[in-house]
Protein chains: 2
Amino acid sequence: MIAQLPSDWSLHPRLEKDTVAVCDLALSRILVMNDANFPWLVLVPRRYGAIELIDLAEHDRTTLMAEIAQVGRALKTLTMCDKLNIAAIGNIVPQLHVHIIARRRGDAAWPKPAWGHAAPLDYDQRALARLVEQLRDRL
Amino acid sequence: MIAQLPSDWSLHPRLEKDTVAVCDLALSRILVMNDANFPWLVLVPRRYGAIELIDLAEHDRTTLMAEIAQVGRALKTLTMCDKLNIAAIGNIVPQLHVHIIARRRGDAAWPKPAWGHAAPLDYDQRALARLVEQLRDRL
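The sections below set out a description of the structure shown in this document. Bear in mind the structure is a predicted one, so any value in this text is a computation, not a measurement.

### Considerations on the overall build of chain A
Moving on, step 1. Across its full length, chain A carries 3 helices and 5 strands.
Moving on, step 2. Written out in order from the N terminus, the α and β elements of chain A read α-β-β-β-α-β-β-α.
Moving on, step 3. The principal-axis extents of the C-alpha atoms in chain A amount to approximately 45 × 30 × 25 Å.
Moving on, step 4. Looking at chain A as a whole, 50% of its 139 residues qualify as buried.
Moving on, step 5. In chain A, of all internal contacts separated by at least 6 residues, the share reaching a separation of at least 24 is 58%.
Moving on, step 6. Within the structure as shown, chain A displays about 6600 Å² of accessible surface, and the carbon and sulfur contribution to it stands at 52%.
Moving on, step 7. Charge centroids of chain A, computed over 17 positive and 16 negative side chains, lie 6 Å from each other.

### Remarks on the interface of chain B and chain A
Moving on, step 1. In this complex, chain B contributes 32 residues to the contact, which on the side of chain A involves 32 residues.
Moving on, step 2. For the pair chain B and chain A, the summed buried surface comes to about 2800 Å²; carbon and sulfur atoms form 62% of the total.
Moving on, step 3. Among the residues chain B hides against chain A, the three largest losses belong to Ile-54, Met-65 and Asn-91 of chain B. Together they make up 24% of the total.
Moving on, step 4. The salt bridge partner of Lys-83 of chain A is Glu-52 of chain B, with a shortest N-O separation of 2.9 Å.
Moving on, step 5. At the boundary of chain B with chain A, the tally comes to 14 residue pairs in polar contact (both at pLDDT 80 or more).
Moving on, step 6. Considering every element that reaches the side of chain B that touches chain A, the biggest residue donor is helix H2 (residues 58-79) of chain B, with 9 residues.
Moving on, step 7. Grouping the amino acids of the side of chain B that touches chain A by side-chain chemistry returns 17 nonpolar, 7 polar and 8 charged.
Moving on, step 8. Relative to strand E4 (residues 83-88) of chain B, strand E4 (residues 83-88) of chain A runs antiparallel, the two being bridged by 3 bridges. Residue pairing for E4 of chain B: Ile-86 of chain A is matched across the bridge by Ala-88 of chain B.

### What about the packing of aromatic side chains?
Moving on, step 1. Within this structure, the stated rule accounts for 3 aromatic pairs over all chains.
Moving on, step 2. Their ring planes at 35° and their centres at 6.0 Å tell us that Trp-115 of chain A and Trp-115 of chain B sit as a pair that is tilted. Of the two residues, Trp-115 of chain A sits in the loop between strand E5 (98-103) and helix H3 (125-138) while Trp-115 of chain B sits in the loop between strand E5 (98-103) and helix H3 (125-138), which places them in two different chains.
Moving on, step 3. On the basis of an interplanar angle of 65° and a centroid distance of 6.0 Å, the ring pair of Phe-38 of chain B and Trp-40 of chain B is categorised as edge-to-face.

### Let's talk about the pattern of salt bridges
Pairing of side chains with opposite charge becomes possible as their charged atoms draw close.
Moving on, step 1. On inspection of all chains with the given rule, the structure shows 18 salt bridges over all chains.
Moving on, step 2. Asp-107 of chain B is the partner of Arg-103 of chain B in a salt bridge, and the nearest nitrogen-oxygen pair spans 2.8 Å. Side by side, Arg-103 of chain B and Asp-107 of chain B carry an identical accessibility label, which is buried.
Moving on, step 3. The structure contains a network of salt bridges with shared partners spanning Arg-14, Lys-17 and Asp-18 of chain A.

Rules of the game
Residues numbered from 1 in each chain as written. Chains lettered and ligands numbered in written order. Predicted model: local features only at pLDDT ≥ 70, side-chain atom pairs only at ≥ 80, totals over all residues. Heavy atoms only, no water. Helix = DSSP H or I, 4+ residues; strand = E, 2+ residues; numbered from the N terminus. Buried < 20%, exposed > 50% of the residue type's maximum accessible area, 1.4 Å probe, protein only. Contact = heavy atoms within 4.5 Å. Areas by Shrake-Rupley, 256 points an atom, 1.4 Å probe, with all protein chains shown as cover. Lys, Arg positive; Asp, Glu negative; His and termini not counted. Charge placed at Lys NZ, Arg CZ, Asp CG, Glu CD. Buried area = accessible area lost by both parts, 1.4 Å probe. Salt bridge = Lys/Arg side-chain N within 4 Å of Asp/Glu carboxyl O. Polar contact = N/O pair within 3.5 Å; in protein donor to acceptor, adjacent residues only side chain to side chain. Nonpolar A, V, L, I, M, F, W, Y, C, P; charged D, E, K, R; others polar. Pairing = 2+ DSSP bridges. Phe/Tyr/Trp six-rings, centres within 6.5 Å; stacked < 30°, edge-to-face > 60°.

Have a look at this one:
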């Protein structure tokens, strides 16, 4: 890892544009993707310059796994989904980010992955605000 | 987690059919996907009944993250790829498995995710054997 000050990190503009912030955990900022097709969260480790999981220090990777589990459990309990889909892809937005998507049999892309298989669907703003609130209560 | 004997675990038949085995790490069996479009590995934690990441005990999740990093580093060094794509999806094959795919700008699905965006391509058997051998040397 490149030496860094914590203040060097900022959220990538594309993630800023496509999401709503939930909260910050010890390592990651938690976001909700603006796509009502799926309850879709994104974890962004606040580490300047990280692109790949292997760019993180080992203790950050361990923390990230714990936060993935914490957020995954909250999302599963909240949505009673059939399957969690968890991924670090980053072919378009390079800043390291981890998707956690609550999938349901018969949803807009099932059984395919969510990326690129369904046009994003606008949220009802009250439904989005309620999801964010419920996540804040649980995280 | 359900109480289990180590001997209860076996590889899901679909993963058995679609892959070639590389080796066993402390937790995971490492496989190469039979698709020459991408150098594509799969890690399968040898834990009976695990479907979600959150089904694993915390110490197994930490080990899995370390093995993802170890395998990801080996694959990146070997392929000099542009991006690693790492994911636990499991909408079709329920047994917990983690994909680690070496992606290159201009490959068969770039910049889309690899799943479902390119028909699988048969390997030249010598190229596949060489990849497996190189991975064994590094893991």
